[in-house]
Amino acid sequence: MTVARRELLCLGGGLLAILSMSQQISRAEEVVEIRMQGRADGSHVWFDPIGVLIMPGQMIRWINQNPGNSHTTTAYHPVNFGRPLRIPEAAKSWNSDYLLPDESFSVTFTEQGVYDYYCVPHEHAGMVGRIVVGQPEAPAGWMESLAVSSDLPDEALKAFPMVEEIVAKRIVRRL
């Protein structure tokens, strides 16, 4: 009886591990959507959500839902207009170019770390976002220390959500 119970427990543990792995795989296949939005009068523009936590291999799709503006999603990377590097060194940079209303752009994130991005015409208005992929390798608060020495506009620096907030909440919205 004890041997059968142990085998059953081992089988149950194996099934739980398989179920957990399949849930992780299905989450990695989920596409996270970030909306590019703005007020009708153009007085305020933003990414919604502004911060997300995803798994390596997961895709983000930005959709311009602002009928009155074009927007970009552009990685902070020297290849993009000489901007400072604010994505993992091994990660591939991206720049969507201008997206008209209802257009979209997608990126699959494979490298673990923190990715900061911005909208080219609206960076000075604080239209920035942050993506955390997996578990950040550096100690808590490392991106915020970079912000002090960065040449980013003040409105952009103030807008970024803290890495710790993103990790705790998984999705951060600020409208």
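To keep things clear, this report deals only with the structure shown in the data block. (Residues numbered from 1 in each chain as written. Predicted model: local features only at pLDDT ≥ 70, side-chain atom pairs only at ≥ 80, totals over all residues. Heavy atoms only, no water.)

**Some words on the environment of Val45**
Here Val45 shows up in strand β2 (residues 45-48). Of the residues examined, Val45 reaches a relative accessible area of 5% and is grouped as buried. Through-space distance from the C-alpha of Val45 to that of Cys119 is 9.5 Å; in sequence the pair is 74 residues apart. Residues contacting Val45, with those up to four places away along its chain left out, are Gln37, Gly38, Asn66, Asn69, His71, His122, Ala125 and Met127. (Helix = DSSP H or I, 4+ residues; strand = E, 2+ residues; numbered from the N terminus. Buried < 20%, exposed > 50% of the residue type's maximum accessible area, 1.4 Å probe, protein only. Contact = heavy atoms within 4.5 Å.)

**Quick word on the nonpolar core**
Among the nonpolar cores identified, the biggest contains 22 residues, and Ile60, Trp62, Phe109 and Ile131 are the most heavily contacted of them. Taken together, the elements giving at least two residues each to this core come down to β1 (31-38), β2, β3 (51-54), β4 (58-64), β6 (104-109), β7 (113-118) and β8 (128-133). In terms of residue count, β1 provides more of this core than any other element does, three residues in total. Core analysis: the second largest hydrophobic core is formed by 14 residues, Leu53, Tyr76, Phe160 and Ile166 among them. (Core = buried A, V, L, I, M, F, W, Y, C linked by side-chain atoms within 4.5 Å.)

**Focus on the sheet that holds strand β9 (residues 171-172)**
The five strands lie next to each other as β5-β7-β8-β3-β9, forming an open sheet whose pairing is mixed. Taken across any chain shown, the strands that pair with only one partner, and hence form the sheet edges, are β5 (74-75) and β9. The sheet contact formed by β7 and β8 spans six bridges and is antiparallel. Bridge assignment links Tyr118 to a residue of β8, and that residue is Val128. (Pairing = 2+ DSSP bridges.)

**A word on the environment of Tyr118**
Tracing the backbone shows Tyr118 in strand β7. Between the C-alpha atom of Tyr118 and that of Thr74, which follows or precedes it by 44 residues, the distance is 5.3 Å. Sequence-distant contacts of Tyr118, defined by excluding residues within four places in its chain, comprise Phe47, Thr72, Thr73, Thr74, Ala75, Tyr76, Asn80, Phe81, Arg83, Glu123, Met127 and Val128.

**What to know about the pattern of salt bridges**
Across all of its chains, the model carries nine salt bridges by this definition. With a shortest N-O distance of 2.7 Å, Arg83 and Glu123 are connected by a salt bridge. Taken as a pair, Arg83 in the loop between β5 and β6 and Glu123 in the loop between β7 and β8 lie far apart in primary sequence, 40 residues in all. Of the two residues, Arg83 and Glu123, neither departs from the other in class, the shared state being buried. Where salt bridges share partners, they join Arg35, Asp48 and Arg173 into one cluster. (Salt bridge = Lys/Arg side-chain N within 4 Å of Asp/Glu carboxyl O.)

**Quick look at the sheet that holds β4**
Reading across from one edge, β2-β1-β4-β6 is the order of the four strands in this open sheet, with mixed pairing throughout. Where the open sheet ends on each side, the last strands, each with one partner, are β2 and β6. Here the strands of the sheet are splayed against their neighbours by 20° on average, with no regard to which way each runs. Strand direction decides the pairing type here: β1 and β2, joined by four bridges, are antiparallel. By the bridge assignment for β2, Gly38 is matched with Val45. (Axes fitted to C-alpha atoms, helices over the stretch in contact; angles between N-to-C directions.)

**Focus: the layout of surface pockets**
The calculated volume of the largest pocket comes to roughly 200 Å³. Of all the elements in the fold, those that place two or more residues in the lining of the largest pocket are β2 and α3 (154-159). Its residues placed into classes, the lining of the largest pocket shows nine nonpolar, two polar and three charged. (1 Å grid on protein atoms, 1.4 Å probe; cavity = no way out; pocket = protein on both sides within 12 Å on 5 of 7 lines; lining within 4 Å. Points joined across faces, edges and corners; volume = space filled by probe spheres on them. Nonpolar A, V, L, I, M, F, W, Y, C, P; charged D, E, K, R; others polar.)

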